[in-house]
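# Per-entry structural report
Given next are the chains, with one letter for each unit.
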Amino acid sequence: MPLIPYSCQDIDAADVAAVERVLRSAFLTQGDEVPTFERAFAERHLVRHAVAVSNATAGLHIACLALGVGPGQLVWTSPNSFVASANCAVYCGADIDFVDIDATTRNLSVQALEDKLALAERQGRLPDVVIPVHFAGLPCDLKGIRGLADRYGFKILEDASHATGAMYAGAPIGSAYGEAAVFSFHPVKIITTGEGGIVTTNDDALAARLRLLRSHGITRDRDQMQHAPEGPWYYEQQLLGFNYRLTDMQAALGRSQLGRMDDMRARRAALADAYQELLAPLPLRLPARPHYAESSWHLYVVELDPCVTSISRAEVFSALRTAGIGVNVHYMPIHLQPFYRARGFEAGQFPVAERYYSRAISIPLFPRLTEKQQRDVVDALAAIVLR
Ligand SMILES: *Cc1c(COP(=O)(O)O)cnc(C)c1O
C-alpha cells in the first residue's frame, strides 16, 4: 500500500504557470512579485503590513529583534511547538522560558500564563515578549492574552506558522491582538512558497524596522535616509540586518496559492469534520472546537485515552506506519530537547505538555487527501486501538 503522508502540498497548473512567468521575466528576485504578494496577503488578512521573508524562522528572528528582544530580555513561549518558536529568542541573546499548555486546546494556557506572571511580578522578572503559538491552526485565546499583556506590559508575537487563514472572534489571525504575527509557507503548511514566510503588523514603525532587518539593514527609500543622497546609486545601511528575502519565484507561487487558500482551507475543514464523526466511537481524544475560533486545520492530532485503552502511543505509531499511514508526532516539548536541557530545563516542568506529548499522534490531513484514503486511515486506526 502506498504511504499516505501526514501532510502534502497542493500544487496546480496555475501555480506552475505563475512560477514559470517569473523564470522567463527580467527579475528572479527584488522585482515586483514580492510587494504584490505582500499587498495581497495583507488585504486578505485585514492587516496594514505584510513583510515577506525567506522562512518563518527568519521572520520570528527579525520580529523579535524589531520588538527589541536582546540580551537581558525575557521571552516566554509554548513548549508544544516547533523549536523555532523558542530559538528566535535565543538568537537575540535573550532568556527563554515556557508556559504550560491547556490540555483541551493544546495551546498556551491563559490560566498558566496568569499564574506565572503573578509569580514573575513578585520575583521582579516579567517577560518582555510572549510568543503564543496557534497550535495545529487553532487560535489561542488572544483576548485573554491581550488582557494580560496590557496589565503586565509585555508584547505579543504570534507564531501563526500553522494558522494562515484561521479566524479568532471573527477576525483573521494576524490582523489584531498581537504586535506582530509570523506565518510559514513551508510545503506542509496551509499555503506554500517552497520555503517562505511573512510577518504581519499594523504598526508602521515596526514594519519599517522589519523591512530593514530583512535586507542587510539597507534602505533605498529617500524619506528614510539619515544623510542627503550622494547620487542615484546611494543607499544606506542603518543597522545590522540579514539577507532574509523571499524570491520573486516564491512570491509568485505564494500569490497563486493565496488565491486558492479558502478552497484548500474549506477542504481541510471538511476532512476534519469527517474525522470528528468517523473517530467518535474510538477511545481517542479529538481536537477541541472552541466557539470563538475557526481553525485552519494544519494538523489533526488524536490523543490515546489511557483511561480507556492500554495500548501505547509507540505501538499505535508503528502499526500505522507499517500499514502505510504516514503518521507523525507534534511536538516533543521544546524544553526536553537536549539543547534546552543543557540550558537548565528538565522533565516535569511543564506536565500538561509532557502528558499531551506522550499520547499524541498526528494523522494525515491535507487538501488532496481523498475520502477513500481518509477511510483507510480511520480503519487502520480502529483496527489497532480496538484490538
Ligand atoms: C514550521 C514552523 C516554524 C518554522 O517555519 P519555517 O518556515 O520552516 O522556518 C515555526 N514555528 C512553528 C510552530 C512551525 O510549525
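As a reminder, the structure under discussion sits directly above these lines.
Structure report, in brief. (Residues numbered from 1 in each chain as written. Predicted model: local features only at pLDDT ≥ 70, side-chain atom pairs only at ≥ 80, totals over all residues. Heavy atoms only, no water.)

## Quick look at the side chain of Asp-10
- Relative to the elements of secondary structure, Asp-10 occurs in the segment before α1 (13–23).
- The class of Asp-10 is buried, set by a relative accessible area of 11%.
- Of the polar contacts made by the side chain of Asp-10, one reaches the side chain of Arg-368; its length is 2.8 Å. (Helix = DSSP H or I, 4+ residues; strand = E, 2+ residues; numbered from the N terminus. Buried < 20%, exposed > 50% of the residue type's maximum accessible area, 1.4 Å probe, protein only. Polar contact = N/O pair within 3.5 Å; in protein donor to acceptor, adjacent residues only side chain to side chain.)

## Considering the packing of helix α10 (residues 313–322) against helix α13 (residues 371–385)
- In contact at an axis separation of 10 Å, α10 and α13 are set at 140° when each is read in the N-to-C sense. Comparing their axes, α13 and α10 come out oblique. At the point where α10 passes α13, the crossing takes the right-handed sense. Contact residues: α10 offers Val-316, Ala-319 and Leu-320, while α13 offers Ala-380, Leu-381, Ile-384 and Val-385.
- When the residues that make up the contact of α10 with α13 are grouped by side-chain class, the tally is seven nonpolar, no polar and no charged. (Axes fitted to C-alpha atoms, helices over the stretch in contact; angles between N-to-C directions. Parallel < 35°, antiparallel > 145°, perpendicular 65-115°, else oblique. Left-handed = near helix turned anticlockwise from the far one by under 90°. Contact = heavy atoms within 4.5 Å. Nonpolar A, V, L, I, M, F, W, Y, C, P; charged D, E, K, R; others polar.)

## Here's the deal with empty space enclosed by the protein
- In the structure shown here, the tally under the stated rule is three cavities of 30 Å³ or more.
- The calculated volume of the largest cavity comes to roughly 90 Å³.
- Considering only residue class, the lining of the largest cavity consists of nine nonpolar, three polar and one charged.
- By volume, the second largest cavity amounts to about 50 Å³.
- Lining the second largest cavity are Cys-8, Gln-9, Asp-10, Pro-187, Lys-189, Ile-190, Ile-191, Thr-192, Gln-257, Met-264, Arg-268 and Pro-367.
- When grouped by side-chain class, the residues that make up the lining of the second largest cavity number six nonpolar, three polar and three charged. (1 Å grid on protein atoms, 1.4 Å probe; cavity = no way out; pocket = protein on both sides within 12 Å on 5 of 7 lines; lining within 4 Å. Points joined across faces, edges and corners; volume = space filled by probe spheres on them.)

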